[in-house]
There are 2 protein chains.
Amino acid sequence: MELAYRERTREELRQELAAVRKRFEALKAKGLTLNMARGKPGKEQLDLVSGLLTALTDPEDCVSDGIDARNYGELSGLPAAKRLFAEILGCKPEECFIGGSASLQLMYDTISKAFTHGLLRSAQPWSRLERVKWLCPVPGYDRHFKITQSFGCEMIPVPMTPTGPDMDMVEELVRDPEVKGIWCVPKFSNPDGIVYSDETVRRLANLQPAAPDFLLMWDNAYCIHEFDSEFVPLADILTLCREAGNPDMVFEFASTSKITFPGAGVSVMAASVDNLKYMENLAGVQIISYDKVNQLRHVKFLRDRAHTMELMQKHAAIIRPKFRCVLRHLEEEIAPLGLAAWQRPKGGYFVSVNTLPGLAKRTLALCREAGVTMTDAGATFPYGVDPNDANIRIAPTLPPVEELEKAMEIFCVCLRLAALEQLIEE
Amino acid sequence: MELAYRERTREELRQELAAVRKRFEALKAKGLTLNMARGKPGKEQLDLVSGLLTALTDPEDCVSDGIDARNYGELSGLPAAKRLFAEILGCKPEECFIGGSASLQLMYDTISKAFTHGLLRSAQPWSRLERVKWLCPVPGYDRHFKITQSFGCEMIPVPMTPTGPDMDMVEELVRDPEVKGIWCVPKFSNPDGIVYSDETVRRLANLQPAAPDFLLMWDNAYCIHEFDSEFVPLADILTLCREAGNPDMVFEFASTSKITFPGAGVSVMAASVDNLKYMENLAGVQIISYDKVNQLRHVKFLRDRAHTMELMQKHAAIIRPKFRCVLRHLEEEIAPLGLAAWQRPKGGYFVSVNTLPGLAKRTLALCREAGVTMTDAGATFPYGVDPNDANIRIAPTLPPVEELEKAMEIFCVCLRLAALEQLIEE
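Definitions and cut-offs
Residues numbered from 1 in each chain as written. Chains lettered and ligands numbered in written order. Predicted model: local features only at pLDDT ≥ 70, side-chain atom pairs only at ≥ 80, totals over all residues. Heavy atoms only, no water. Helix = DSSP H or I, 4+ residues; strand = E, 2+ residues; numbered from the N terminus. Rg over C-alpha atoms; globule rule 2.2 N^0.38 Å. Contact = heavy atoms within 4.5 Å. Areas by Shrake-Rupley, 256 points an atom, 1.4 Å probe, with all protein chains shown as cover. Lys, Arg positive; Asp, Glu negative; His and termini not counted. Charge placed at Lys NZ, Arg CZ, Asp CG, Glu CD. Buried < 20%, exposed > 50% of the residue type's maximum accessible area, 1.4 Å probe, protein only. Polar contact = N/O pair within 3.5 Å; in protein donor to acceptor, adjacent residues only side chain to side chain. Salt bridge = Lys/Arg side-chain N within 4 Å of Asp/Glu carboxyl O. 1 Å grid on protein atoms, 1.4 Å probe; cavity = no way out; pocket = protein on both sides within 12 Å on 5 of 7 lines; lining within 4 Å. Points joined across faces, edges and corners; volume = space filled by probe spheres on them. Nonpolar A, V, L, I, M, F, W, Y, C, P; charged D, E, K, R; others polar. Axes fitted to C-alpha atoms, helices over the stretch in contact; angles between N-to-C directions. Left-handed = near helix turned anticlockwise from the far one by under 90°. Core = buried A, V, L, I, M, F, W, Y, C linked by side-chain atoms within 4.5 Å. Pairing = 2+ DSSP bridges. Least-squares fit on C-alpha atoms with pLDDT ≥ 70 in both. Buried area = accessible area lost by both parts, 1.4 Å probe. Bend = angle between axes of the 7 residues up to and from the residue.

Asker: Quick rundown of the overall build of chain A? Include the residues and the values.
Answerer: A tally of helices and strands in chain A yields 13 helices and 15 strands. Expected size for 426 residues packed as a compact globule is a radius of gyration near 22 Å; at 23 Å, chain A falls within 12% of this value. For chain A, the C-alpha atoms occupy an extent of roughly 75 × 55 × 35 Å along the three principal directions. A fraction of 76% describes how many contacts in chain A between residues 6 or more apart in sequence connect residues 24 or more apart. As presented, chain A carries roughly 15,600 Å² of accessible surface, and 50% of it is formed by carbon and sulfur atoms. Separation between the mean location of the 49 positive side-chain charges and that of the 58 negative ones in chain A comes to 3 Å.

Here it is as structure tokens:
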């Protein structure tokens, strides 16, 4: 067993630096090009769902509940698609609005409309307010933060704990009427892979925000995305909010991007019937309906929750070895040295590594030098600034396992090198 | 030949009223339900393009220019889709941004982003301005007007002429810096079916608006939608604007909604490379890409401009008899009576009837009574208010010809009845 770096003498560290640097140069000399930057499914996963391509072949296939999916109409989506998503999410079909290929677009549009038109319970459009503050559990999803940044929100970081965002802090912060919302990935959070505890979910549903139009953005992106465990249940947030007297506070989002095709899936927004009525009134100006033929393709191919869960087992079988590879490298090469900590996620698309302070940027610069592209350091924080320069998001799903082995070897060497450089400089 | 109503005596009009009312009651008694409300293609047209459903069947089909259309990426769309649309529109592939199923969404989002973020040449987001004025050629497309209404624009009607919007008036109005844009459907305008003359197009490209971020919204919805004539060429507006020193003034829009499936087509936004760069920077926060698998389906199915034009000939063969039926009824039953005027469109999706003042609402109320649903009177004007109560939009593509015959019989009887009621009351 190797000794943790902080317990070694200066001379031992110097020897280690020389050895690790040599290993780094050797790896760099291989001239590899490896990518772990984004949560992209690999080709094997895409090939799993080829049946989607031929789910509809004839005009007669295109009719659902008497609606011709090919023609105009049905702003909120096909009833059959609402039933499918409601079953998956545990909400009601009438609480579902079916979107295009990207739930990101539904999220962006919700916040955009809050700024241009206001939400159901807004006194005025947010664009008229002097300041809009937004709670950002950190580390979090960079694309969420970019939306609120794009609209000029003042983003307030809230630390994540192993049970979800620090709820004492959230409850305190929402007493400020300028705080208008919070980003949440409640199950297998991006990037930590944390599942919010029942207590956290309950406290979120029972928030008493000063702003009447406070927006709980519930991005349930990984609702059925276990890769290494039994199904992990999560209470229906719409029901909890309704029971807490906050029926219109929450919008939930999900998609099939990591169930079928990332570039050609179907998304859903779930909210109270009153919220949907209000939002459909605005959305009806923007669109006649999202692609209903693709909605119907998904209904025919996925059928129902049980059949979709079977498909998710096949995805799990493909990506489980990739996550195990990442965790094995970290546990074997990094854990003994005391350089970083990480969760051991059972679902989702990421492993989040928290290094000792000040190592993330340098580690990723070294990785790049050796041909490994990762998510930029800082990306998991508002404005791209990680105050501790410590969080690194690893996205292991795209490369085949044999590439991942090489990439993780490089990553671990780079992290060791960055740590040694820092320790010796001190 | 019947005598025009205005040339008849009061007694003759009374006799005519009794006869027409009797005919109306007989038609009403049939209890029909006919719909000419929206520009929806009929089932026969949808069945024409069933090949789209099976254009991609295997994983290997999903790769285009080395890009796997199934996965994330390629914000602005597949290069092959850009090449197809550029060929159809007569612009360059790098001037194309490929959207989802609705060009309406691309239009809405362009204006929405003008309000939340500003355009390339805006000094500030439009939401910070006290007033935004917008030019609306009338009669025009109700969904256009609803977008600018939704964002609180002050809409200024500009009369359409047989060569396009009244350009003297447009040139005068754009000298006001609060006038930020204009809606245009340059070819087979909605609803008149007018093709802008070369002179009109040239004058629009050469506008000298006071607002540096004036927006020429060029909805080329019917760019290849001739149903009763040879192809009618229209100069490339992007080139003309560039030549006029206004490269960033125009955004052009089109889609396959009336080429393939209205509910599952592909849309395009064409603009200067600088404009697209600016807009993609904003759109990248909203979406990773629109549905690329559907883009590739369209590329494989439509192939190129020539092959797409062959398909449009088949559409034309289906809808031509429907338009001829509408025009025949109008010419035979209405023209001799001097009750209305209309264009004889050679493409597009509508026939626009301008009745004598004050007859539109009453005519449509009578139609509804007899079971025929049409676009609401006033819909073709900003705020839904037609100051003359005269414009009626007929959308003949959805019903089969035999239904259309009945619907047009009812329409003509209702228009006659409305005119007689008015004449006798005077």
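There's plenty left to go through after this.
Asker: Break down the environment of D291(A) for me, citing the residues and quoting the values.
Answerer: Inspection of the secondary structure assignment puts D291(A) in the loop between α9 (273-286) and α10 (292-302). A relative accessible area of 12% means that D291(A) is categorised as buried. The sequence separation of D291(A) and G100(A) amounts to 191 residues, and the corresponding C-alpha distance is 6.2 Å. Here D291(A) is in contact with S101(B), G263(B), A264(B), D291(B) and N294(B), once residues within four sequence places are set aside. Only 2.8 Å separates the side chain of D291(A) from the backbone nitrogen of N294(A), close enough to count as a polar contact.

Asker: Run through the pattern of salt bridges, naming residues and quoting values.
Answerer: All names here are of chain B. In the structure shown here, the tally under the stated rule is 56 salt bridges over all chains. We note a salt bridge from R23 to E333, for which the minimum N-O separation is 3.6 Å. Within this pair, whereas R23 is found in helix α1 (residues 10-29), its partner E333 is found in helix α11 (residues 305-334), the two being separated by 310 residues in sequence. For E333, a relative accessible area of 13% gives the class buried. Measuring nitrogen to oxygen at the nearest pair gives 2.8 Å for the salt bridge that ties E405 to R328.

Asker: I'd like to hear about the layout of surface pockets, residue by residue, with values.
Answerer: The computed volume of the largest pocket comes to approximately 520 Å³. Lining the largest pocket are 33 residues, with Y141(A), R143(A), K258(A), Y72(B) and I288(B) positioned closest to its centre. Contributions of two or more residues to the lining of the largest pocket are made by β1 (34-36), α4 (103-116) and β10 (250-255) of chain A. Of all the elements, α4(A) adds the most residues to the lining of the largest pocket, at 3 residues. Considered class by class, the residues forming the lining of the largest pocket number 15 nonpolar, 11 polar and 7 charged. Together, 29 residues line the second largest pocket, and Y72(A), I288(A), Y141(B), S257(B) and K258(B) are the ones closest to its centre. The element contributing the most residues to the lining of the second largest pocket is helix α4 (residues 103-116) of chain B, with 3 residues. Its residues assigned to classes, the lining of the second largest pocket shows 11 nonpolar, 11 polar and 7 charged.

Asker: Which residues make up helix α5 (residues 142-150) of chain A, and what values do they have?
Answerer: Of the positions making up α5(A), those classed as buried are D142(A), R143(A), H144(A), F145(A), I147(A) and T148(A). The first or second residue beyond α5(A) is G152(A), which carries a positive phi of 75°.

Asker: Can you lay out the packing of α1(B) against helix α13 (residues 401-425) of chain B for me, pointing to particular residues and giving the numbers?
Answerer: Residues and elements named next belong to chain B. Between α1 and α13, whose axes approach to 9 Å, the crossing angle comes to 145°. When the axes of α1 and α13 are compared, the crossing they make is left-handed. Contacts between α1 and α13 involve R10, L13, R14, E16, L17, V20, R21, R23, F24 and L27 on the former and, on the latter, E409, I410, V413, C414, R416, L417, L420, E421, L423, I424 and E425. Considering only residue class, the contact of α1 with α13 consists of 12 nonpolar, no polar and 9 charged.

Asker: Describe the nonpolar core, with residues and values.
Answerer: In terms of nonpolar packing, the biggest core is built from 125 residues, with L204(A), L216(A), W218(A), L204(B), L216(B) and W218(B) touching the most fellow members. The residues contacting L216(A), other than those within four sequence positions of it, are I182(A), C184(A), L204(A), I237(A), C241(A), M249(A), V250(A) and F251(A). In terms of nonpolar packing, the next biggest core, distinct from the first, is built from 57 residues, L13(B), Y222(B), V351(B) and A370(B) among them.

Asker: Hey, could you go over the sheet that holds strand β4 (residues 96-98) of chain A for me, with residue numbers and the actual values?
Answerer: Within a sheet, neighbouring strands are paired by backbone hydrogen bonds and run either parallel or antiparallel to one another. Residues and elements named next belong to chain A. With respect to topology, 8 strands assemble into an open sheet ordered β4-β11-β10-β9-β8-β5-β6-β7, the strand pairing being mixed. Across the chains shown, the open sheet's two edge strands, defined by having one partner strand only, are β4 and β7 (164-165). Sheet strands touched by α9: β4, β10 and β11 (267-270). Its angle to β4, the strand with the most contacts, is close to 25°.

Asker: How would you explain the sheet that holds strand β15 (residues 391-394) of chain B if you had to name every residue and give the values?
Answerer: Residues and elements named next belong to chain B. Reading across the sheet, the 3 strands line up as β12-β13-β15 and stay open at both edges, with antiparallel pairing between neighbours. Either end of the sheet is taken by a strand with one partner, and the two such strands are β12 (340-342) and β15. Within the sheet, the average angular offset between the axes of one strand and its neighbour, ignoring direction, is 25°. Inspection of the sheet shows β12 paired to strand β13 (residues 351-355) by 3 bridges, in the antiparallel sense. The residue of β13 that forms the bridge with A340 is T355.

Asker: Account for the relation of the copies chain B and chain A, with residues named and values stated.
Answerer: When chain B is brought onto chain A, the operation consists of a screw motion whose angular component is 180° and whose axial shift is 0.0 Å, with 0.0 Å RMSD remaining. Here the symmetry operator amounts to a two-fold rotation axis. An overlap of 100% is found between the interface residues of chain B and their copies at the interface of chain A, pointing to a shared contact surface.

Asker: Outline empty space enclosed by the protein, supporting the account with residue identities and numerical values.
Answerer: Sizing a probe to match a water molecule and rolling it over the atoms shows the empty space that remains. Summed over the entire model, instances satisfying the criterion amount to 10 cavities of 30 Å³ or more. Taken as a whole, the largest cavity spans an internal volume of roughly 170 Å³. Taken together, 20 residues make up the lining of the largest cavity; nearest its centre are G100(A), S101(A), D291(A), G100(B) and D291(B). Among the residues forming the lining of the largest cavity, the class breakdown is 6 nonpolar, 12 polar and 2 charged.

Asker: Hey, could you go over the side chain of S267(A) for me, with residue numbers and the actual values?
Answerer: By the secondary structure assignment, S267(A) is in strand β11. Excluding its chain neighbours within four sequence positions, the residues that come into contact with S267(A) are F85(A), F97(A), I98(A), G99(A), G100(A), A102(A), S103(A), L106(A), A254(A) and S255(A).

Asker: Report on the interface of chain B and chain A, specifying residues and quantitative values.
Answerer: Each partner contributes residues to the interface: chain B has 55 residues there, and chain A has 55 residues. Roughly 4,500 Å² of surface becomes buried between chain B and chain A when both sides are summed, with 55% attributable to carbon and sulfur atoms. By the criterion of area lost to chain A, the three top residues of chain B are L53(B), R70(B) and Y72(B), representing 17% of everything that side buries. Linking chain B with chain A are 2 salt bridges. Counting across the interface, chain B meets chain A through 18 residue pairs in polar contact (both at pLDDT 80 or more). For the side of chain B that touches chain A, the secondary structure elements donating two or more residues are α2 (43-48), α4, α5 (142-150), α9 (273-286) and α10 (292-302) of chain B. Sorting elements by how many residues they give to the side of chain B that touches chain A places α4(B) first, with 7 residues. For the side of chain B that touches chain A, the class distribution of residues is 23 nonpolar, 18 polar and 14 charged.

Asker: Tell me about the side chain of R203(B), and name the residues and values.
Answerer: Residues and elements named next belong to chain B. Residue placement: R203 occurs in helix α7 (residues 198-205). Separated by 2.8 Å, the side chains of R203 and E171 make a polar contact. If we ignore the near neighbours within four places in the chain, the residues touching R203 are M167, D168 and E171.

Asker: A description of α11(B) should follow, citing residues and the corresponding values.
Answerer: The largest bend along α11(B) measures about 35° and falls at I319(B), with the proline P321(B) one to four residues further on. Sitting at the head of α11(B), D304(B) places a side-chain oxygen 3.3 Å from the backbone nitrogen of A306(B).

Asker: An account of the environment of P336(A) is needed here, citing residue identities and associated values.
Answerer: Here P336(A) shows up in the loop between α11 (305-334) and β12 (340-342). Put simply, P336(A) and L3(A) are 333 residues apart on the chain and 6.6 Å apart in space, counted from C-alpha to C-alpha.

Asker: Got a sec to walk through the pairing of β13(B)? Specific residues and values, please.
Answerer: All names here are of chain B. Burial within β13 is extensive, with 4 of its 5 residues counted as buried. Sheet topology note: the β13/β15 ladder contains 4 bridges and is antiparallel. From the neighbouring strand, S352 faces β15, where its bridge partner is R393.

Read these as geometric descriptors, not functional statements.
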